Amino acid sequence: MMDDTKNKNTKPGNQAWRKKPRKFSSKSKLGCKTCKIRRIKCDQSRPSCVKCVSTGRTCDGYSEMPLAFRVEKPEVESTHPHKEINRADSSDSCYSCTTISAHESEQWHSKSNGLTSQNLGSLMILPVTGTQADIMCFFQDISIKHLNEYRPCELWRQTLMFFAQTVPSVRHAAMALALMHQIYLDRHSNNQVYLPDKAPLLHYNRAIQLLLNPEAGDSAETRVVTLLVCYLFTCFDHLAGDNVQALKHLRGGVALSHNIDSATLNSCHNQSPGVHAIICQVAKQIRRLDMQAGMFLVDWTPANIQDTFMPFDSTFQSLDQAADHLQVLVAQVMRMRNTDQQMSLMGTMPPLHSAHNDNILRQLETWLGLFENLLQQGSPSESDLLVSLLRLQHTIAWILLNDYGPGREMEYDNLLPLFQQCVALAGEVSAAHQRYSGSSKPTFTPEIGLIPILYIIGVKCRHPTVRREVLSILRWQVIREGAWDSITTARVVQRVIEIEEAAAGEEHMVQCMEQIPIWQRVEALSYTHIPRGPCETGLEITYTFCAQEGIHLELLTI
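Residues numbered from 1 in each chain as written. Predicted model: local features only at pLDDT ≥ 70, side-chain atom pairs only at ≥ 80, totals over all residues. Heavy atoms only, no water.

With an unreviewed UniProt entry as reference, the protein is termed Sugar transporter, source organism Aspergillus sclerotioniger CBS 115572.

Shown next, in the form of structure tokens:
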């Protein structure tokens, strides 16, 4: 009895440890599907986690964040005219990111880090640690410099840097971009493949968490922050090789910029002119990328594309205004060309020459006259890069539109002087690009300018010397422009040359364009990246020959 009593008295003391709450680690919602099913901790490596690979299992990938929003359209399958883009794309990256889509916008628009007009001052600089200071210095000195290289704007850079210094969500997005930019430079500069650490993704996801902060209200200031993060996320995902996600962010930013109606802008202008100016500035950058995406991406319709042009008696007030008008015209030309190419690959006859083509040709002629008048008034030397690029884009648009329609591939031979002029201009742009960057190191910009044009010259001009000059420019410096990169483009152009000049044999180089018969010429061509493992990729090219039926498929190695 005494023993029983003693046991009862001592039992609570002996088992007191059972009453202590167990410590649980916070559950990660970013693990792969396979590890979630097995109820084990996932190391979250991309594209396949080490836990699955080491045990011989198939990693089923990662789900989107529970708070991520879906695009309004079924699936963003925005396709490169010469490259099908999909979520698994990894053209020069083994990095896949958990992201927020940003297209169904109203809920996301109203959730971001609070910013009021009273905060727009130099005393709001956020504190940084030593590591963060280094990252922000890289962002300021390197990344920002290249974000709008072809059309530099110091005011835009100052705005972007100011928000990165004062708003936590923008800061984390900027640091994620800077870290990914460093990985990009290291990978290509040293000709080695580096598996990135988790730091870029951690800052990326932190920016998302701050944007989804439920305590933030809906205001014009919060929409400025959201637009800025959309812009930085678009750049980040292009650098990471996730072009589909980059285009989702771009589409979301465009939708948000258009949802800021005139009444909101007028209210901002009356209450805080500074916020009104910043909204217009950020929206302009987003819409510029949208128009450029429409220039060289299949199935992408820019929100601002127009069927009308300015009156004949108008004048351009600046190179920037001339560039905006030319973008609209080039986007219309590329939409027509890309549609025809897709129809050719599907075995459908493209439409014949139409009055719409004649209208665009007249507008191109009008633009050139206004552009020359602007240059006669004097152009600053720092705009030489943009002047050469605009001349190059205008000439290529005219060439494509002049030879628009089926069965006219041989007519490109008659435009050799124009192609030679384009190569000379491309050389000037490339040299100016290298001078701007200060070295021959790899560069990145979300703007689309030179590489797609070199691609078009390389596949449409059959003159052997011109083609080799195109390859030389592409291989001169590693450049990435949005979804385009010089390494892949050079490989595709090289393969087209091999296909068309195969009849001459390996020992004999084609001496003139006439040596390539029409049935040997590639007419429609597209390519897509095929991931083959961590940071490894191949190319699947699809093409047709002139005056021949059938579609050809090849796999290339980068």
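Glancing now at the overall build of the protein. In terms of helices and strands, the protein carries 19 helices and six strands. Looking at the 558 residues of the protein, the share that counts as buried comes to 54%. Approximately 25600 Å² of the protein is accessible, and the part contributed by carbon and sulfur atoms is 53%. (Helix = DSSP H or I, 4+ residues; strand = E, 2+ residues; numbered from the N terminus. Buried < 20%, exposed > 50% of the residue type's maximum accessible area, 1.4 Å probe, protein only. Areas by Shrake-Rupley, 256 points an atom, 1.4 Å probe, with all protein chains shown as cover.)

The next point concerns the packing of aromatic side chains. All told, the structure shown has 10 aromatic pairs when counted by the stated rule. Here W156 and Y231 contribute two aromatic rings whose centre-to-centre distance is 5.2 Å and whose plane-to-plane angle is 85 degrees, an arrangement assigned as edge-to-face. In this pair, W156 sits in helix α6 (residues 154-166) while Y231 sits in helix α9 (residues 220-239), placing the two residues 75 residues apart along the sequence. Overall, the relative accessible area of 1% leaves W156 in the buried class. (Phe/Tyr/Trp six-rings, centres within 6.5 Å; stacked < 30°, edge-to-face > 60°.)

Taken in spatial order, the three strands of this open sheet run β1-β2-β3, and their pairing is mixed. Of all strands in the sheet, those with a lone pairing partner are β1 (443-445) and β3 (484-485), marking the two edges. Where strand β2 (residues 479-481) and β3 come together, two bridges link them in antiparallel fashion. From the neighbouring strand, R480 faces β3, where its bridge partner is D485. (Pairing = 2+ DSSP bridges.)

A cluster of nonpolar residues, M410, I518 and W519, forms a patch on the protein surface that exposes about 290 Å² of accessible area. Inspection of the secondary structure assignment puts W519 in the loop between α19 (486-500) and β4 (522-533). (Patch = residues over 30% accessible without salt bridge, like charges linked within 9 Å, V, L, I, M, F, W, Y side chains within 5 Å. Salt bridge = Lys/Arg side-chain N within 4 Å of Asp/Glu carboxyl O.)

Non-glycine residue A547 carries a positive phi angle of around 60 degrees. When you line up the elements, A547 lands in the loop between β5 (536-545) and β6 (552-557).

What follows is about helix α5 (residues 130-147). Spanning 18 residues, α5 covers 25 Å between terminal C-alpha atoms, matching the ideal 26 Å at 1.5 Å per step. The sharpest bend along α5 reaches about 40 degrees and sits at F139. Along α5, the residues classified as buried are I135, M136, F138, F139, S143, I144, H146 and L147. (Expected span 1.5 Å × (residues − 1). Bend = angle between axes of the 7 residues up to and from the residue.)

Turning to the pattern of salt bridges, a few remarks are in order. Side chains bearing opposite charge may pair, as long as their charged atoms lie close to each other. Enumeration over the complete set of coordinates arrives at 15 salt bridges. D485 is the partner of R480 in a salt bridge, and the nearest nitrogen-oxygen pair spans 3.9 Å. The exposure class of R480 is buried, given its relative accessible area of 0%. Taking the relative accessible area as the measure of exposure, D485 reaches 8% and is therefore buried. Overlapping salt bridges, with partners in common, bring together R151, K284, R288, D320 and D324 in one network.

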